[in-house]
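Architecture at a glance
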Amino acid sequence: MNRFTLVRLPTLEAASLRVAKAPQTRRFRAGGIDLLDQLKEGLDAPDELVELRAVGGEIGEAMRGIREQSGGWSLGSLVTLAQLAEFEDIGVAFAALREAAGSAATPGIRNAATLGGNLLQRPRCWYYRHVDLECLKKGGSQCFALTGDNRYHAILGGGPSFIVHPSTLAAALVAHDATVVVSTGAAERRIPIAELFVLPTVDPLREHALKPGEIIVAIEVPKPGADQRSTYAAVKEKASHDWPLGEVAVRARLAGGKMSDVRVALGHVAPIPWRAPAAEAVLEGQAPSAELFAKAAAAAVAKAKPLEHNGYKIPLVAGLLREALHRLTAVPLPE
Ligand SMILES: Cc1cc2nc3c(=O)[nH]c(=O)nc-3n(C[C@H](O)[C@H](O)[C@H](O)COP(=O)(O)OP(=O)(O)OC[C@H]3O[C@@H](n4cnc5c(N)ncnc54)[C@H](O)[C@@H]3O)c2cc1C
C-alpha cells in the first residue's frame, strides 16, 4: 500500500475542489471500507484522501443525519448502514431500506460504512480485484468472466463487462424511486437513482455518473403513498461477511385488495441495480395471489442470459421475488 496524506477540510466546497483539481491522485474518504480495501489490494494508489467526515456546518450535519422533509425523507450520505438499519421512524413504507442496510456485510462494517460510499463501492468481481489481471474494467481488452469462472456474474444487462453491482442499498433505493443529491459546494444537482449507475456499454471503466469533485450529500426518498410498504430479500452463501448471490427489493401500495405503484428491483444480477418493469406490469392493479406472484417472478427473469456457471441465479432470483411478494402482502406461501 502506498503512503497517503489524510486531508481534513471544513467545507464541502474546499473538499470538492481539492479532489476536482487532481482526480487521478485524490479520493474522498467516507467510511473507508472499500477505499482502503482497494489500496491494500494494490488496485488504487491515491496520494491524498479527503476526509468527508470533516465537513462541518449545516451541510455537514445534513450529511450525517436522517431528516423528514415536506417531500419525504433525506438520508445523509454519511449516515452509516447501522444507523439506517436501526432507524425505526422511517416505518413499514420504507422497510426495504432498513432490511437491506441491516443485512449487508457485518455489524462492524455496518458501523463504519456509509450510504454514499456503499453506492460508490467498486465491483467485487475476482478478476477485477486481482492485482495482476488487466481486465476490461482496468483498461484491458477483455472481461475474463465471459469465459472464466463466472458463477457470481451478471445474467442481465451484461457485456462487454459482466460484473454485478455490489451495493446492497442500490436495489432498495431504486425500488423507492430515490434521488441522489450531488454537490460541489458551489453547485448542486439531483440525479434519479437509476441514472447514477452506468452500464459497461456506456463506459466499462466506471460504475457511476458522478463528475470529478462531485460529492453525494444526501439520498432522498419521496413521501410514501397511502398504504405503501416495502421489503427486501437476499440469498448469500455465508450468513455474514459476504455479498448476496441475488437480492430483491419490492415496493407497493396495497389498498382495496389491489396492488399499485409497484416497483421491483433486482440486485447482484446485472452491472447496475436492475429494475424489472415486466414484473411490475404483471402486478400493477391486481389482487395479490400466489399465481400472480409466480407470473411476476417468471416475467422478472424472462430476458436473463446466463453465462456458463451462473444459470442458478434465474430460479434463485425468481424464488426471492415470490418470497418477497408473499411477505409484502401477507398472502400465505403455497405448501
Ligand atoms: C467482508 C465484507 C462484506 C461486505 N458485504 C457487503 C454487502 O453484503 N453489501 C454491500 O453493499 N456491501 C458489502 N460490503 C462492502 C461495504 O459495505 C462497502 O465497502 C461500504 O459500504 C463502502 O462505504 P464506505 O463509507 O466505507 O465508502 P468508502 O470506502 O469511504 O468510499 C467508497 C468510494 O466512494 C467514494 N465516496 C464515498 N462517499 C462519497 C460521497 N459522499 N460522495 C462522493 N464520493 C464518495 C470514495 O471516494 C470511494 O471511491 C462488504 C465489505 C466487506 C469487507
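Residues numbered from 1 in each chain as written. Predicted model: local features only at pLDDT ≥ 70, side-chain atom pairs only at ≥ 80, totals over all residues. Heavy atoms only, no water.

**Some remarks on the overall build of the protein chain**
Looking only at helices and strands, the protein chain features 12 helices and 12 strands. For the protein chain, the spread of C-alpha atoms along the three principal axes comes to 60 × 50 × 35 Å. For the protein chain, the proportion of its 335 residues judged to be buried stands at 53%. For the protein chain, contacts bridging at least 24 residues in sequence account for 64% of all contacts bridging at least 6. Accessible area for the protein chain stands at about 14500 Å²; split by element, carbon and sulfur atoms hold 53% of it. Here the protein chain carries 38 positive and 36 negative side-chain charges, and the mean point of each set is 2 Å from the other. (Helix = DSSP H or I, 4+ residues; strand = E, 2+ residues; numbered from the N terminus. Buried < 20%, exposed > 50% of the residue type's maximum accessible area, 1.4 Å probe, protein only. Contact = heavy atoms within 4.5 Å. Areas by Shrake-Rupley, 256 points an atom, 1.4 Å probe, with all protein chains shown as cover. Lys, Arg positive; Asp, Glu negative; His and termini not counted. Charge placed at Lys NZ, Arg CZ, Asp CG, Glu CD.)

**Looking at a negative patch on the surface**
Residues Glu68, Glu86, Glu88 and Asp89 make up a contiguous surface patch of negative charge. Within the secondary structure layout, glutamate 86 lies in the loop between helix 4 (81–85) and helix 5 (95–103). Take glutamate 86: its relative accessible area is 60%, and that puts it in the exposed class. (Patch = residues over 30% accessible without salt bridge, like charges linked within 9 Å, V, L, I, M, F, W, Y side chains within 5 Å. Salt bridge = Lys/Arg side-chain N within 4 Å of Asp/Glu carboxyl O.)

**Brief notes about the sheet that holds strand 3 (residues 48–51)**
Ordered by their spatial adjacency, 3 strands build an open sheet running 1-3-2, and the pairing between neighbours is parallel. Two strands bound the open sheet, and with one partner strand each, they are strand 1 (5–7) and strand 2 (26–29). Going across the sheet, the axis of each strand differs from the next one's by a mean of 30 degrees, ignoring polarity. One ladder, built from 4 bridges, connects strand 2 with strand 3; its direction is parallel. If you follow arginine 27 over to strand 3, its bridge partner there is leucine 49. (Pairing = 2+ DSSP bridges. Axes fitted to C-alpha atoms, helices over the stretch in contact; angles between N-to-C directions.)

**A few points about the sheet that holds strand 12 (residues 274–275)**
Pairing between the strands of a sheet is mediated by backbone hydrogen bonds and can be parallel or antiparallel. Spatial strand order, 9-10-11-12: 4 strands in an open sheet with antiparallel pairing. Two strands bound the open sheet, and with one partner strand each, they are strand 9 (228–235) and strand 12. Two elements, strand 10 (residues 246–255) and strand 11 (residues 258–267), share 8 bridges in a ladder whose sense is antiparallel. When the sheet's bridge partners are listed, alanine 255 is paired in strand 11 with lysine 258.

**Some details on the packing of helix 5 against helix 8 (residues 168–175)**
Look at helix 5 against helix 8: their axes get within 9 Å of each other, and the N-to-C directions meet at 175 degrees. One finds that helix 5 runs roughly antiparallel with respect to helix 8. Residue-level inspection shows Ala96, Leu97, Ala100, Ala101 and Ser103 of helix 5 in contact with helix 8, the latter providing Thr168, Leu169, Ala172 and Leu173. In terms of residue class, the contact of helix 5 with helix 8 is built from 7 nonpolar, 2 polar and no charged. (Parallel < 35°, antiparallel > 145°, perpendicular 65-115°, else oblique. Nonpolar A, V, L, I, M, F, W, Y, C, P; charged D, E, K, R; others polar.)

**Things to note about the nonpolar core**
In terms of nonpolar packing, the biggest core is built from 42 residues, with Leu75, Leu84, Leu97, Leu119 and Leu173 touching the most fellow members. Top element by residues in this core is helix 8. It accounts for 7 residues. Apart from the residues within four sequence positions on either side, leucine 173 is in contact with Leu75, Leu97, Leu119, Ala178, Ile193, Ile219 and Val221. Core analysis: the next-biggest nonpolar cluster, separate from the first, contains 33 residues, Ala252, Val264, Ala300 and Ala318 among them. (Core = buried A, V, L, I, M, F, W, Y, C linked by side-chain atoms within 4.5 Å.)

**Details of the domain arrangement of the protein chain**
The assigned domain composition of the protein chain is domain 1 (1–53) and domain 2 (231–329). Of note, the centres of domain 1 and domain 2, computed from C-alpha atoms alone, are 36 Å apart. (Domains from an automatic or database assignment.)

**Overview of the environment of alanine 154**
Within the secondary structure, alanine 154 sits in the loop between helix 7 (115–120) and helix 8. Judged by its relative accessible area of 2%, alanine 154 is buried. Distance in space between the C-alpha atoms of alanine 154 and valine 164 is 5.4 Å, their sequence separation being 10 residues. Not counting residues up to four positions away in its chain, the partners in contact with alanine 154 are Phe162, Ile163, Val164, Val269, Ala270, Pro271, Lys305, Leu307 and Asn310.

**Topic: the packing of aromatic side chains**
On inspection of all chains with the given rule, the structure shows 3 aromatic pairs. Ring centres of tryptophan 73 and phenylalanine 87 lie 5.4 Å apart, and the angle between their planes is 80 degrees; this geometry places the pair in the edge-to-face category. With tryptophan 73 in strand 5 (residues 72–76) and phenylalanine 87 in the loop between helix 4 and helix 5, this pair connects stretches of sequence that are 14 residues apart. Positioned above the aromatic ring of tyrosine 128 is the side chain of lysine 138, whose terminal nitrogen or guanidinium carbon lies 5.6 Å from the ring centre. (Phe/Tyr/Trp six-rings, centres within 6.5 Å; stacked < 30°, edge-to-face > 60°. Lys NZ or Arg CZ within 6 Å of the ring centre and 35° of its normal.)

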